[in-house]
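Next come the chains, spelled out residue by residue.
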Amino acid sequence: MADVDTLLAFALASVLFAYMPGPALLYTAAQTISRGRSAGLSAALGIHLGCYVHVFAAAFGLSAIFLAVPTLYAAMKVLGGAYLIWLGIQMIRSRIAGNEADVVLPPKSRQRSFLDSILVEVLNPKVALFFIAFLPQFVAPEGSLPIWLQFLILGTVVNFSFTSADLLVVFFASSVRDRLSRSSRWQDLTRWIGGTVLMGLGLKLATERG
């Protein structure tokens, strides 16, 4: 592994990236505001597990395919963005459909939120590029550990750093939701807020360059 100074720089950089407002934090906040703490925690866990796909891909050189084949990278961005937009629409329509039938639909299951979040993370190629750009700076080719294992260890540390930030957002968003959820109008508004955030993230992912 790298020397102590390099590892300290890595730890600091990981925390800074993790707690910098970004799509993952907005996603978990939207899930929590709209559906409650359980959905937010399920979303955070799903993102965490989905991120390991990118960690393993970076460790074994698979993520480099996005650099070699820009068309594939663009296609993955569009697919991931479209899926986020679809989730946002479903989040908004769930309440509308319930009103039309004069019945309140049950909340989205934790399992569904968990699986959706895994897929959202896996379909985001920008995460793959982040790992192959960030991790090599802290890998020691001359170290006693194989390079692929160093990638896995560093990637796991980064992933836990990001998850800690996601969990903090979940608990903060759920406390806000609990204070305001006594109003039925607020319950409707939270679905619109959450759905709009997801659609905005999807549109940004699909259309943003680079």
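In this text the structure is predicted, and so the values were computed from the model without any measurement.

### Observations concerning the overall build of the protein chain
1) Next: Within the protein chain, the regular secondary structure consists of nine helices and zero strands.
2) Next: For the protein chain, the sequential pattern of α-helices and β-strands runs α-α-α-α-α-α-α-α-α.
3) Next: Across the 210 residues in the protein chain, those meeting the buried criterion constitute 43%.
4) Next: Considering only intrachain contacts with a sequence separation of at least 6, the fraction spanning at least 24 residues in the protein chain is 82%.
5) Next: Just so you have it, the protein chain exposes about 11100 Å², and 70% of that area is on carbon and sulfur atoms.

### Focus: the nonpolar core
1) Next: The biggest cluster of nonpolar side chains holds 18 residues, and the ones touching the most others in it are Tyr27, Phe66, Tyr83, Leu84, Leu87, Val120 and Leu198.
2) Next: Those elements that place two or more of their residues in this core are α2 (23-35), α3 (37-59), α5 (70-100), α7 (125-134) and α9 (184-207).
3) Next: The element best represented in this core is α5, accounting for six residues.
4) Next: By size, the runner-up hydrophobic cluster in this structure holds 17 residues, among which are Ala13, Phe138, Val139 and Phe151.

### Examining the environment of leucine 26
1) Next: Tracing the backbone shows leucine 26 in helix α2.
2) Next: Of the residues examined, leucine 26 reaches a relative accessible area of 45% and is grouped as partly exposed.
3) Next: The sequence separation of leucine 26 and glycine 194 amounts to 168 residues, and the corresponding C-alpha distance is 9.1 Å.
4) Next: Those residues within four positions of leucine 26 in sequence are excluded, and the remaining contacts are Val197 and Leu201.

### Remarks on α3
1) Next: The terminal C-alpha atoms of α3, which comprises 23 residues, lie 33 Å apart, in line with the 33 Å expected from a rise of 1.5 Å per residue.
2) Next: Where α3 ends, the next residue or the one after it, glycine 61, has phi of about 80 degrees, a positive value.

### Concerning the pattern of salt bridges
1) Next: Applying the stated criterion to the full structure yields three salt bridges.
2) Next: Put simply, arginine 112 and aspartate 116 hold a salt bridge, and the shortest N to O gap is 3.2 Å. A residue pair is termed a helical-turn pair when its members lie 3 or 4 positions apart in one helix, as arginine 112 and aspartate 116 do in helix α6 (residues 110-122) at four residues.
3) Next: You can call aspartate 116 buried: its relative accessible area is 3%.

### Here we look at the packing of aromatic side chains
1) Next: Evaluated as defined, the whole model comprises 12 aromatic pairs.
2) Next: Ring centres of phenylalanine 130 and phenylalanine 131 lie 5.5 Å apart, and the angle between their planes is 70 degrees; on these two criteria the pair is classed as edge-to-face.
3) Next: Connected via pairs of aromatic rings, a cluster forms that spans Phe10, Phe17, Phe130, Phe131, Phe134, Phe138 and Phe162.

### A word on the confidence of the model for the protein chain
1) Next: Predicted confidence across the protein chain gives a mean pLDDT of 86, with 90% of residues reaching 70 or more.
2) Next: The spread of mean pLDDT over the elements of the protein chain runs between α5, the lowest at 81, and α3, the highest at 94.
3) Next: Residue range residues 96-106 is modelled with pLDDT below 50. Its contacts to residues more than four positions away, or to other chains, number seven contacts.

### Focus: α7
1) Next: For α7, the set of buried residues is Pro125, Val127, Ala128, Leu129, Phe131 and Phe134.
2) Next: At the N-terminal boundary of α7, the capping side chain belongs to asparagine 124, with an oxygen 3.1 Å from the backbone nitrogen of lysine 126.

### Things to note about the environment of serine 113
1) Next: Summarising the element assignment, serine 113 is placed in helix α6.
2) Next: Here serine 113 falls in the buried class, since its relative accessible area comes to 1%.
3) Next: In this structure the C-alpha to C-alpha distance between serine 113 and leucine 41, which are 72 residues apart in sequence, comes to 9.2 Å.

### Notes on the packing of α7 against helix α8 (residues 147-180)
1) Next: Between α7 and α8, whose axes approach to 11 Å, the crossing angle comes to 125 degrees. Relative to α8, the element α7 is oriented oblique. Here the hand of the crossing between α7 and α8 comes out right-handed. In this structure, α7 uses Phe130, Phe131 and Phe134 to contact α8, whose residues at the interface are Phe151, Gly155, Val158 and Phe162.
2) Next: For the contact of α7 with α8, the per-class residue count stands at six nonpolar, one polar and no charged.

Conventions and cut-offs
- Residues numbered from 1 in each chain as written.
- Predicted model: local features only at pLDDT ≥ 70, side-chain atom pairs only at ≥ 80, totals over all residues.
- Heavy atoms only, no water.
- Helix = DSSP H or I, 4+ residues; strand = E, 2+ residues; numbered from the N terminus.
- Buried < 20%, exposed > 50% of the residue type's maximum accessible area, 1.4 Å probe, protein only.
- Contact = heavy atoms within 4.5 Å.
- Areas by Shrake-Rupley, 256 points an atom, 1.4 Å probe, with all protein chains shown as cover.
- Core = buried A, V, L, I, M, F, W, Y, C linked by side-chain atoms within 4.5 Å.
- Expected span 1.5 Å × (residues − 1).
- Salt bridge = Lys/Arg side-chain N within 4 Å of Asp/Glu carboxyl O.
- Phe/Tyr/Trp six-rings, centres within 6.5 Å; stacked < 30°, edge-to-face > 60°.
- pLDDT = per-residue confidence, 0-100.
- Polar contact = N/O pair within 3.5 Å; in protein donor to acceptor, adjacent residues only side chain to side chain.
- Axes fitted to C-alpha atoms, helices over the stretch in contact; angles between N-to-C directions.
- Parallel < 35°, antiparallel > 145°, perpendicular 65-115°, else oblique.
- Left-handed = near helix turned anticlockwise from the far one by under 90°.
- Nonpolar A, V, L, I, M, F, W, Y, C, P; charged D, E, K, R; others polar.

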